[in-house]
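# Architecture at a glance
Take a look at the letters that make up each chain.
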Amino acid sequence: MAFFEYLFENGERVVFEFLRHLQIIGIALPVAIMIAVPIGVAISNHPKTANVVLYLASILMTIPSLALFGLMVVLLAPFGAGIGIPPAVITIVVYSMLPIIRNTLVAIRGVDLATVEAAMGMGMTRLQILFKIRLPLAIPIIMAGLRNAAVMGVSVTTIAYLVGARGLGYFIFSGLSRSRLIMVLVGAVLVGVLGIGMNYGLLKLEELLTPKGVKLSRKKE
Amino acid sequence: MQIRLENLTKAYDKGAFKAVDQLSLTFEPQKLTVLIGPSGCGKTTVLKMINRLIERTGGDILFDGKSIDQIDRIQLRRQIGYAIQNIGLFVHMNVFDNIAVVPRLLKWPEKKIKSRVEELLELVNLDPYVHRYKYPAQLSGGQKQRVGVARSLAADPKVILMDEPFGAIDPINREKLQDAFIDIQEKIKKTIIFVTHDIREAIKLGDKIVIMDNGRIVQYGDTVKVVNKPKNAFVESLLGSDRVLKGLEMMRVKDNYATDFLSINVQESTTVGKALEYLENKKKPYAYVIGQKDVLLGYCTLEDLRKRNFHDELIGQIQKIESVQPHSNLMEAIIKMVESGSTSCPVVDSELQLLGIIRFQTLVDIMSTYERVEV
């Protein structure tokens, strides 16, 4: 009961932090897509470069988020953006690189060779093959990578509270420092709800974007 | 369009291995030429060099005398139909969009594309209203292959390249598709270059056959001539020991039946007595029995009729017989003869009217003209 009591008493605050959390991810993901998908496409033809890029991206992922935030604060300070939303967004973008690049790469490479050869033989240019054949067929797998990144983003954003980005991390960290367990609980539950909701929403989006023929052929398998 | 290969060569590993070696050949316009040979003989390489999916390393390919180098690669491909073994249909596009790919690349008006797609679906025996908005996943293997063929014809190319287009289909449907394809080619008369490793398919479909081995041509000529006169032991072994029978498969009944058969019309000779008299006069052991409008009812034999009463009605003495139609091949005629234990087989049209007779002796005569190569 205390849970809901807290929730209602601090309704305004809860809504604000929830939306802020969403806002950070909402800015970061499109940026991540715009960087990672083209990289994934570009390296799909060059196996050696692809290995190097994937290696680098996985190194980025091993950096603890707290360390990365610390680094951002130092690096961004000269531009007056050391605290607040910018370091949070950049960190999420960095973490999103591996899942999105990797899935794009796998999806583009995974397109049936006979299909690509048919497209070439019919006189499609490289760009036409990319946009009319490879990308539409790759959507489900790229979207899976995006969901991966989004869920991770939800948890990373929680920690971004520590660099002044606010968000649902407020309830958890303030709760801890004040020994108010109910606050921590509210924060944790909301982060969980957001993560699950995000995953579900993107799943629906994936359904919407995946061409009907691809869905039918997957069902058949 | 005439396509000429001049000393066409494809070398790999700096010339250490030649997939295609100094190959010269002219493909005849409006004919279906089959390239056949063991795997690795270079047949698919030749095909892919023609639409530049593989770049040649020597020689030239001429389209109506114009070198392939003077033609833009993308434009060239849009003017050549292409169908491949695994069909390569785009699973995210419906049947309509799949067929419309090349016309759209060529920027045809959408109205023209629509009527073209309908026309093509009808040509390959798919109902446009049932199938055009279906996705490849909703089609059977045979239907997909038909769409693949329709797609290769979409922009009305003069030349079509086909790389084992019926390879991935079960034998029964393959047979049907081949028959349908023969009819289609009879209508559209395209220059088709067809790669296969199935000699039966080659003999059945090809106007001309190119037999290849190690990147070179072993024999090139009209299919009938190649089957009749294999140039050497390699060609003969490729054709197989039953090449004579395969040869029968490509010959049609309509070109080989005789019309000197004996028939009795039940409307004129209504009794056994009349029929007997007729047979004895003609000194023949049997005759076909026909009814109204010359429709074949069966046959009767002298031997059987003699056991009957003179006044019995003839219609009760008719024995059933299997028949073939003019578009059937001679192999089917032999099978019918074996099934009915007879040495001849009547030929009827689609209304069952008796047209003629195929005799076993005729088939033997045809087969004995085939030459044998000493091994």
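Moving on, we come to the overall build of chain B. Across its full length, chain B holds 16 helices and 15 strands. The buried share of chain B, taken over its 375 residues, is 38%. The contacts of chain B with a sequence gap of at least 6 include a subset with a gap of at least 24, amounting to 65%.

Ile24, Ile92 and Ala160 of chain A together with Val34, Leu35, Ala150 and Leu161 of chain B are the most contacted members of the largest nonpolar core, which totals 128 residues. Per-element tally for this core: the top contributor is helix H5 (residues 85-110) of chain A, with 14 residues. Leave out the neighbours within four places in its chain, and Leu161 of chain B touches Leu47, Ile50, Asn51, Ile80, Gly81, Tyr82 and Ile193 of chain B. The next biggest cluster of nonpolar side chains, apart from the first, holds 16 residues, and it includes Val272, Leu279, Ile290 and Cys300 of chain B.

Residue and element names in this part refer to chain B. Spatial ordering of the open sheet is given by E2-E1-E4-E5, a layout of 4 strands whose pairing is antiparallel. For this open sheet the edge positions go to strand E2 (17-27) and strand E5 (66-67), each flanked by a neighbour on one side alone. Bridging between strand E1 (residues 3-12) and strand E4 (residues 58-63) involves 5 bridges; their strand directions are antiparallel. By the bridge assignment, Glu6 is partnered in E4 with Asp60.

This brings us to the environment of Arg109 of chain A. All names here are of chain A. In this fold, Arg109 is placed in helix H5. Its 15 C-beta neighbours within 10 Å are what place Arg109 among the partly exposed residues. Residues Arg109 and Arg134 lie 25 residues apart in sequence; the distance between their C-alpha atoms is 8.6 Å.

On the chain A side, the residues contacting the 21 residues of chain B number 20 residues. Broken down by secondary-structure element, the contributors of at least two residues to the side of chain B that touches chain A are helix H2 (73-78), strand E6 (80-84) and helix H4 (101-105) of chain B. Considered class by class, the residues forming the side of chain B that touches chain A number 13 nonpolar, 6 polar and 2 charged.

The next point concerns the packing of helix H7 (residues 141-153) of chain B against helix H8 (residues 171-188) of chain B. Each packed pair of helices is defined by two parameters, the angle between the axes and the distance between the axes. All names here are of chain B. Contact geometry for H7 and H8: axes closest at 10 Å, N-to-C directions at 25 degrees. In terms of orientation, H7 and H8 fall into the roughly parallel class. Here H7 and H8 pass one another in a crossing that is right-handed. Facing H7, whose interface residues are Gly141, Gly142, Gln145 and Val149, H8 presents Asn173, Leu177 and Phe181.

On to the pairing of strand E13 (residues 296-301) of chain B. Two strands pair when backbone bridges link them, and strand E12 (residues 286-290) of chain B and E13 of chain B are joined in this way by 5 bridges, in the antiparallel orientation. Considered in E13 of chain B, the bridge of Tyr288 of chain B is made with Tyr299 of chain B.

In this section: the domain arrangement of chain B. Put simply, an interface is often sized by how much accessible area is lost when its parts join up. Residues and elements named next belong to chain B. When the domains of chain B are assigned, the result is domain 1 (3-251) and domain 2 (255-365). Taken together, the contact pairs 5 residues of domain 1 with 7 residues of domain 2. Broken down by class, the residue content of the side of domain 1 that touches domain 2 amounts to 4 nonpolar, no polar and 1 charged.

So, about the pairing of E1 of chain B. Residue and element names in this part refer to chain B. Across 7 bridges, the pairing between E1 and E2 is antiparallel. Following the sheet pairing, Lys10 is matched in E2 by Val20. Hairpin connection of E1 to E2: 4 residues between the antiparallel strands, including Asp13 at a positive phi of 50 degrees.

Let us look at the sheet that holds strand E10 (residues 216-222) of chain B. Residues and elements named next belong to chain B. The sheet built from 6 strands is open, its strands ordered E6-E7-E8-E3-E9-E10 with mixed pairing. The open sheet is flanked by E6 and E10, the only strands paired with a single partner. For this sheet, the mean angle separating the axes of adjacent strands, direction not counted, is 15 degrees. Direction of pairing for strand E9 (residues 208-213) relative to E10: antiparallel, over a ladder of 6 bridges. In the strand pairing of E10, Val210 is matched with Tyr220. In the packing of helix H1 (residues 43-50) onto the sheet, the strands contacted are strand E3 (32-36), strand E7 (159-163), strand E8 (191-196) and E9, and the crossing angle to E8 comes to about 145 degrees. Across the sheet, H7 lies against E6 and E7, angled at about 165 degrees from E6, the strand it touches most.

Calculation rules
Residues numbered from 1 in each chain as written. Chains lettered and ligands numbered in written order. Predicted model: local features only at pLDDT ≥ 70, side-chain atom pairs only at ≥ 80, totals over all residues. Helix = DSSP H or I, 4+ residues; strand = E, 2+ residues; numbered from the N terminus. Buried ≥ 20, exposed ≤ 12 C-beta atoms within 10 Å, placed from the backbone. Contact = placed C-beta atoms within 7 Å. Core = buried A, V, L, I, M, F, W, Y, C linked by C-beta atoms within 7 Å. Pairing = 2+ DSSP bridges. Nonpolar A, V, L, I, M, F, W, Y, C, P; charged D, E, K, R; others polar. Axes fitted to C-alpha atoms, helices over the stretch in contact; angles between N-to-C directions. Parallel < 35°, antiparallel > 145°, perpendicular 65-115°, else oblique. Left-handed = near helix turned anticlockwise from the far one by under 90°. Domains from an automatic or database assignment.

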